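So the chains spell out like this:
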Amino acid sequence: MKQSVKLIAGNWKMNGLSASLAEAKALREALDGEPSAHRVALCPPATLIAQMAWALRGGAVEIGGQDCHAKASGAFTGSVSAPMLKDAGAGLVIVGHSERRQGFGETDADVAAKTEAAIAAGLEPIVCVGETLDQREAGKAVEVVRAQVLGSLPDSAGTAAFAVAYEPVWAIGTGLTPTLEQIEEVHRAVRAAMVERLGQGGETAPILYGGSVKPDNARDILAVPEVGGALVGGASLKAADFLGIVRAA
Ligand code: 13P
């Protein structure tokens, strides 16, 4: 399905201090002057969400978190819950990023619980999936991603706003990207798995591509059928680079 309004989301990961808000403000000012037909979001570290929400209030840039706990509150030292992100000014939240699946041992069941918590808090989750290089080389990319989609989406996603992001682990931060044909193949498989899991509720949610998206490859990637947006890491840290991607959408 061709989706006209795309979601271009920036994931700052563990980067950004107060001074970095200047980049967010520059992005907002540029979009004030040349409004985009697409949705544009920044996901800064949790420490910057409230400040960024205040700095960008009234503008078009949406704000998201990068992770949330599956519980709304409780004795979970160091964790941030979905209602807290919402309260700080976020409208979206990334869940199940491969850096959390790999570095923090998050399973599909954990990701589904976080996705459910995000939806319950009124956030729009961006649920990440993606194969490792070993899995791709073994010819298992589609199988792995299908299983992740089936296991990471809770029933409540069927009636909620959400997105899935396909981020091949080997493409993240490496400058490598799959071919456009490979991206299309996996995105079609993700769509089929979303519909298998949620029925009609899985038909329209956008499927973002993530992994070394840059201003110079964004146009081609975003034109691939079933690519409904991008999840951008490194190139979202500078307003000029991120704008280049938004303009290419
Ligand atoms: P890069 O764009 O830096 O490859 O990161 C992609 C990513 O992990 C976004 O979530």
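Residues numbered from 1 in each chain as written. Predicted model: local features only at pLDDT ≥ 70, side-chain atom pairs only at ≥ 80, totals over all residues. Heavy atoms only, no water.

### Overview of the site of the ligand
Selection criterion: Consider each residue's heavy atoms; a residue with any of them within 4 Å of a molecule or strand counts as near. The definition of a polar contact used here is a pair of N or O atoms within 3.5 Å, where within protein one atom must be able to donate a hydrogen and the other to accept one, and adjacent residues in sequence count solely through side-chain atom pairs. Residue exposure ignores everything except the shown protein chains as possible cover, and the areas themselves are Shrake-Rupley values with a 1.4 Å probe. Residues are grouped as follows: Ala, Val, Leu, Ile, Met, Phe, Trp, Tyr, Cys and Pro are nonpolar; Asp, Glu, Lys and Arg are charged; every other residue, Gly included, is polar.
Around the ligand, a shell composed of 13 residues is seen, among which Lys 13, His 97, Gly 173, Ser 212 and Gly 234 lie nearest. For the ligand, an oxygen atom lies 3.0 Å from a polar atom in the side chain of Asn 11. Gly 233 places a main-chain nitrogen or oxygen 2.9 Å from an oxygen atom of the ligand. Here the ligand has 310 Å² of accessible area as a free molecule, and 97% of this is covered by the chains. Classifying every residue of the shell around the ligand by side-chain character gives four nonpolar, seven polar and two charged.

### Focus: the packing of helix α5 (residues 108–120) against helix α7 (residues 141–152)
Spelled out, the test is: To get an axis, fit a line to the C-alpha atoms, keeping to the stretch in contact for a helix; angles then go from 0 to 180 degrees between the N-to-C directions. Put simply, DSSP H or I for four residues or longer makes a helix, DSSP E for two residues or longer makes a strand, and each gets a number counted from the N terminus. Should an angle lie under 35 degrees it is considered roughly parallel, over 145 roughly antiparallel, and from 65 to 115 roughly perpendicular; all remaining angles are considered oblique. Handedness of a crossing follows from how the near helix is turned relative to the far one, being left-handed for an anticlockwise turn of less than a right angle and right-handed for a clockwise one. Whether two residues touch is decided by their heavy atoms; if any such pair falls within 4.5 Å, the residues are in contact.
In the contact formed by α5 and α7, the axes pass within 8 Å of each other and the chain directions differ by 45°. Between α5 and α7, the angle falls in the class oblique. Considering the relative orientation of α5 and α7, their crossing is right-handed. Listed contacts from α7 to Asp 108, Ala 109, Val 111, Ala 112 and Thr 115 of α5 are Ala 147, Gln 148, Gly 151 and Ser 152. A per-class count over the contact of α5 with α7 returns four nonpolar, four polar and one charged.

### What to know about the layout of surface pockets
Stated formally: Site definitions follow a grid-based scheme: protein atoms alone, a 1 Å grid, a 1.4 Å probe that fits but cannot get out for cavities, and for pockets an open set with protein on both sides within 12 Å along at least five of seven lines, plus lining residues having an atom within 4 Å of a point. Grid points are joined across faces, edges and corners, and a volume is the space filled by probe spheres set on the points.
Looking at the largest pocket, its volume works out to about 660 Å³. The wall of the largest pocket is formed by 29 residues, among which Gln 66, Asp 67, Cys 68, Arg 100 and Phe 104 lie closest to the centre. Taken together, the elements giving at least two residues each to the lining of the largest pocket come down to α2 (46–55), α4 (98–103) and α5. Among the residues making up the lining of the largest pocket, the classes are represented as 13 nonpolar, ten polar and six charged.

### Quick word on the packing of helix α1 (residues 21–33) against α2
Where α1 meets α2, the closest approach of the two axes is 10 Å, and the angle between their N-to-C directions is 35°. Of the two elements, α1 crosses α2, and the hand of that crossing is right-handed. Residues Leu 21, Ala 24, Lys 25 and Arg 28 of α1 pack against Gln 51, Met 52 and Ala 55 of α2. Tallied by class, the residues present in the contact of α1 with α2 amount to four nonpolar, one polar and two charged.

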